[in-house]
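# Report on the structure
Listed below, chain by chain, are the residues.
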Amino acid sequence: MSPRSYLLRLIVPFTVLIVAVVAGAGTIIYLAAQRTQQQQQIDNLDRIVELARPMIATDAVGAPTPDTIERLAHLGRIMQVRVSLIGADGRIVFDTETPSPQTLGDQSQRAEVAQARRGGRGWATRRSVTTDRPSVFVAVAADPANPAGAIVRAAADERPWTRLSGSAWIVLITAVLAASLAMSGLAFLLHRWWIAPVRRITEAAIKLAAGDWHFRADLRGADELRHLAERLNAVALQAQKQMNDIRHQRGDLQALVDALPDPILLTDPGERIRVINLPAARLLKLDPHQALGRKLITVVNDATVLHLFDAIAEHQPPGSDGQPVVAHSSEVRIARDGKRSTYQAMVNRTAQGGVLLVLRDISTLAGAVQMKTDFVANASHELRTPIAAIKMGFETLKDVWDDEDHTQAERCLAIIEGHLARLEEMLRDLLDLSRVESADLKPHLSEVRASELELYLRSVWQHAADQKGVSLVFEIANEDVEFVSDRRLLDLILKNLIENSLEFTSQAGDRESGV
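In this text the structure is predicted, and so the values were computed from the model without any measurement.

### A word on the pairing of strand β4 (residues 134-141)
Most of β4 is tucked away, with seven of its eight residues classed as buried. Between strand β3 (residues 121-127) and β4, which pair antiparallel and follow one another directly, the connecting turn spans six residues, one of which, Asp-132, has a positive phi of 55 degrees. Pairing of β4 with strand β5 (residues 151-157) involves seven bridges; the strand directions are antiparallel. Along β5, the bridge assignment pairs Val-138 with Ala-154.

What follows is the structure in structure tokens.
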């Protein structure tokens, strides 16, 4: 509703109500006054006919005497009324204003005459046939004991309570103009103190509802509206402070989430992204500022991540009240830039119906588990060979012991002794490996010459290299160089490097390991 129509809807009914009240009250007053005026005329005429009744005298044939006629005419002139004498047959036998009253016809059906014949007295107001003017008539029986006889009637022009003249119209027009000016002044005051302030408060409420908490309502207007505007401004100030606190808390939360190493992604019930930290943005190759507020499916094109959100929607759809919030964990693999990483995905639905996804990079842990599996397999293989050889040598030694074949027995004992040494060496290597991984390791440092280290390694591994048909090459910049190290641990490390190189190098291949 526009301000103008609102003002009109406020003023027009008020104006109509005032006019209706004034008009109704004026009408009631006018009718009451008119009725009072009319009753006064009736009372006056009633007294006149009471004065005229004793004056009536008739002759032998019932006609009024000349003296009666003179008296009635004199009474009519003095009182300025019309006096009539109606005979028993209903015809006028005398009238002060009509020379030939016989021509007026039968008056028995006139209301005042009929009432006088029934009750001795009657009155009526109507337009007179003789004068053609509104008149008041009062009739009484000339002889109260004989209502059917002669009737005395007095009549006078009906006097209105008031009659507008030219000056009265001027007063009326002036009153209307004054009322119009008063209503215009009232409309101005209403617009200034109520309509305009209400409009400004409404505008402020609309802006505040739209999130413009810096806007303030104008405090002009009536006291009630000023108080309302003050309360509205207080609410806006409090909301502004709360919004600032929320923004600061959101900034702190975003900084905290960005500081976490794990990718985190949060969506609302409408599947719009509400929180995304920097690791998640880097993983999904997204701009976090552009991704916020957009649909998940429009910015994320990784099928694995989308499948995680679809899975939580199947297990726990939105709006499943009463169900406990259970996090669903699964292991997923995501390929980025040619590298496949393993993540532990934790997905659960929030209390508001959104979805929270946390990805924990377990690639290192998965690699360690795989290395452990490979180590166990290799260790089992390495242990199986000497154990089988020792078993075979023991069985052979048992068979030849009774035959006293000392040569064969010595050969079996040598085989057993060699493989036992090999097992002892493997166990020592395992212990050394555990020592290397220990944080409390205290190395035994000594001077080591590079040339001596090369001779030792070549003596140990040259035979294995020749059997596989590969060349064992050591590139040392300065063979005379000496350095300080734990010789035992250094030998273990270099042994593992050379062993792995020999194992994973084909005859036509080339494998380089550097220290």
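### Notes on the packing of helix α12 (residues 450-468) against helix α13 (residues 487-503)
Between two packed helices, both the angle of their axes relative to each other and the distance between the axes serve to describe the pair. Viewed as axis vectors pointing N to C, α12 and α13 meet at an angle of 25 degrees, and their least axial separation amounts to 11 Å. By the angle between their axes, α12 is roughly parallel relative to α13. As α12 packs across α13, the resulting crossing turns out to be right-handed. Of the residues in α13, those touching α12 at Glu-452, Leu-453, Tyr-456, Leu-457, Trp-461, Ala-464, Ala-465 and Lys-468 are Arg-487, Leu-490, Asp-491, Leu-494, Lys-495, Ile-498, Glu-499, Leu-502 and Glu-503. Of the residues assigned to the contact of α12 with α13, the class counts are 10 nonpolar, no polar and seven charged.

### Considerations on the packing of aromatic side chains
To describe a pair of aromatic rings, one takes the distance between the centres and the angle between the planes. Under the counting rule described, the total for this entry stands at zero aromatic pairs. The ring centre of Phe-137 lies 4.1 Å from the NZ or CZ of Arg-126, which sits over that ring. A cation over an aromatic ring shows up here: Lys-207 above the ring of Phe-215, its NZ or CZ 5.5 Å from the ring centre.

### Structural notes on the sheet that holds strand β8 (residues 328-336)
Overall, antiparallel pairing links the five strands, which are arranged β7-β6-β10-β9-β8 in an open sheet. Strand pairing shows two members of the sheet lacking a second neighbour, β7 (273-276) and β8, which therefore form its edges. Strand-to-strand, the axes of this sheet are offset by a mean angle of 25 degrees, without reference to chain direction. With four bridges connecting them, strand β6 (residues 264-267) and strand β10 (residues 355-361) associate as antiparallel partners. Bridge assignment links Ile-264 to a residue of β10, and that residue is Val-358.

Cut-off values and rules
- Residues numbered from 1 in each chain as written.
- Predicted model: local features only at pLDDT ≥ 70, side-chain atom pairs only at ≥ 80, totals over all residues.
- Heavy atoms only, no water.
- Buried < 20%, exposed > 50% of the residue type's maximum accessible area, 1.4 Å probe, protein only.
- Helix = DSSP H or I, 4+ residues; strand = E, 2+ residues; numbered from the N terminus.
- Pairing = 2+ DSSP bridges.
- Axes fitted to C-alpha atoms, helices over the stretch in contact; angles between N-to-C directions.
- Parallel < 35°, antiparallel > 145°, perpendicular 65-115°, else oblique.
- Left-handed = near helix turned anticlockwise from the far one by under 90°.
- Contact = heavy atoms within 4.5 Å.
- Nonpolar A, V, L, I, M, F, W, Y, C, P; charged D, E, K, R; others polar.
- Phe/Tyr/Trp six-rings, centres within 6.5 Å; stacked < 30°, edge-to-face > 60°.
- Lys NZ or Arg CZ within 6 Å of the ring centre and 35° of its normal.

It is worth stressing that arrangement in space is one thing and function is another; only the former is reported here.
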